[in-house]
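Observations on the three-dimensional arrangement
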Amino acid sequence: MIVLDVAELHDLFVEAAETDRRLPPAIKKQKMASWVDYLPSWQAYNRAPEKTSLAKASPLQVTRYELALTLTVKLEERDRKLVWAVAHSAAFRYRGAQWTKIAKILGYKDKRIVKRLYETALVKLYYIQKKISQMS
């Protein structure tokens, strides 16, 4: 087993959050008979704006997603929630996680506390996987 450092763990979880959004939904929506959507303007010419969708996840991305899931099982519940909240917040964003928003959602008073707890959780996870790799 390869031991990932803290920066690689962060990248793994952000990639896992992006892969999570690319996976198909757990419950498939039923298709019903309906009229085609169109804009109620005379300039619309019965064309609704097309939405672009994400590309499907590759097998390698799904494998790394499973690795991220197995690693988070080894964390405490509070750290697990924090790691996934930060990962989903940073997914598909160039500027990274929204620390202030995460602090409000999780009930912390300051974004610096959230960032410190997140880094501490990743360090814990680093040492957990290092211990597991030494045992095998």
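Notes on the structure in this doc start here. Per chain, the residues get numbers from 1 upward, laid out in the order the sequence is written. Per-residue local features are limited, in this predicted model, to residues with pLDDT of at least 70; the limit for side-chain atom pairs, both in listing and counting, is 80 or more; totals at the level of whole chains, interfaces and linings are taken over all residues. Computation of side-chain values covers all heavy atoms of the structure but excludes hydrogens and water.

Along the polypeptide, Thr 72 turns up in helix H2 (residues 59-72). Pairs of N or O atoms are called polar contacts if they sit within 3.5 Å, as long as, within protein, a hydrogen donor faces a hydrogen acceptor (for residues adjacent in sequence, only side-chain-to-side-chain pairs). A polar contact is formed between the side chain of Thr 72 and the backbone oxygen of Leu 69, at a distance of 2.9 Å. Within the structure, Thr 72 has its side chain in polar contact with the side chain of Trp 84 (distance 3.4 Å). A run of DSSP states H or I qualifies as a helix once it reaches four residues; a run of E qualifies as a strand once it reaches two. Both are numbered from the N-terminal end.

This paragraph deals with unusual backbone geometry. The bulk of non-glycine residues show a negative phi, and the bulk of peptide bonds are trans. Of note, the phi angle at Phe 92 is positive, near 60 degrees, even though the residue is not glycine. Relative to the elements of secondary structure, Phe 92 occurs in the loop between helix H3 (77-90) and helix H4 (99-106).

Only the stretch in contact is used when a helix axis is fitted, and all axes are lines through C-alpha atoms; the angle between N-to-C directions ranges over 0 to 180 degrees. Contact pair H3 / H4: the axes reach a minimum separation of 10 Å and the direction vectors enclose 140 degrees. By the angle between their axes, H3 is oblique relative to H4. Crossing hand, H3 versus H4: right-handed. For the pair H3 and H4, the contacting residues are Leu 82, Ala 85, Val 86 and Ser 89 in the first and Trp 99, Ile 102 and Leu 106 in the second. When its residues are assigned to classes, the contact of H3 with H4 shows six nonpolar, one polar and no charged. If an angle is under 35 degrees, it is roughly parallel; if it is over 145, roughly antiparallel; if it lies from 65 to 115, roughly perpendicular; otherwise it is oblique. Helix crossings get a hand from a simple test, with the near helix turned counterclockwise from the far one by less than a right angle marking a left-handed crossing and a clockwise turn marking a right-handed one. Only heavy atoms enter the contact rule, under which two residues are in contact if any of them lie within 4.5 Å. Residues are grouped as follows: nonpolar covers Ala, Val, Leu, Ile, Met, Phe, Trp, Tyr, Cys and Pro; charged covers Asp, Glu, Lys and Arg; every other residue, Gly included, is treated as polar.

For the rest of this paragraph, the subject is the pattern of salt bridges. The term salt bridge refers to a pairing of a side-chain nitrogen on Lys or Arg with a carboxyl oxygen on Asp or Glu at a separation within 4 Å. Under the counting rule described, the total for this entry stands at five salt bridges. One salt bridge connects Asp 79 with Lys 124, and the closest N-O pair in it is separated by 3.2 Å. Taken together, the residues span a long stretch of sequence, with Asp 79 in helix H3 and Lys 124 in helix H5 (residues 111-135) at a distance of 45 residues. When a residue's accessible area, from a 1.4 Å probe over protein chains only, is under 20% of the maximum for its type it is buried; when over 50% it is exposed; and in between it is partly exposed. Exposure remark for Lys 124: the relative accessible area of 34% places this residue in the partly exposed category. Here Asp 110 and Arg 112 are joined by a salt bridge, their closest N and O atoms 2.7 Å apart. On the basis of relative accessible area, Asp 110 is assigned to the partly exposed category, the value being 23%. Given a relative accessible area of 62%, Arg 112 falls into the exposed group.

All right, on to the packing of aromatic side chains then. The pairing test for Phe, Tyr and Trp rings, Trp by its six-membered ring, is centres within 6.5 Å, and the orientation test on the planes gives stacked under 30 degrees, edge-to-face over 60, and tilted for anything in between. Summed over all chains, the structure comprises four aromatic pairs. When the ring of Trp 99 is compared with that of Tyr 118, the centres are 5.7 Å apart and the planes differ by 55 degrees; the resulting orientation is tilted. Taken as a pair, Trp 99 in helix H4 and Tyr 118 in helix H5 lie far apart in primary sequence, 19 residues in all. When its relative accessible area of 18% is taken as the criterion, Trp 99 is described as buried.

This paragraph deals with the layout of surface pockets. Lining residues are those with an atom within 4 Å of a point, where the points come from a 1 Å grid over the protein atoms alone and group into cavities, where a 1.4 Å probe fits but cannot get out, or pockets, open sets with protein on both sides within 12 Å along at least five of seven lines. Grid points are joined across faces, edges and corners, and a volume is the space filled by probe spheres set on the points. Estimated volume of the largest pocket: approximately 250 Å³. Residue lining of the largest pocket: Pro 25, Ile 27, Lys 28, Lys 29 and Lys 31, and that is the complete set. For the lining of the largest pocket, the class distribution of residues is two nonpolar, no polar and three charged.

A few words on the side chain of Thr 19. Considering the arrangement of structural elements, one finds Thr 19 in helix H1 (residues 6-22). For Thr 19, a relative accessible area of 0% translates into the label buried. Here the side chain of Thr 19 touches Glu 15 through a polar contact of 2.8 Å, landing on its backbone oxygen. Dropping the residues within four chain positions of it, Thr 19 is found in contact with Ala 57, Gln 61, Val 62 and Tyr 65.

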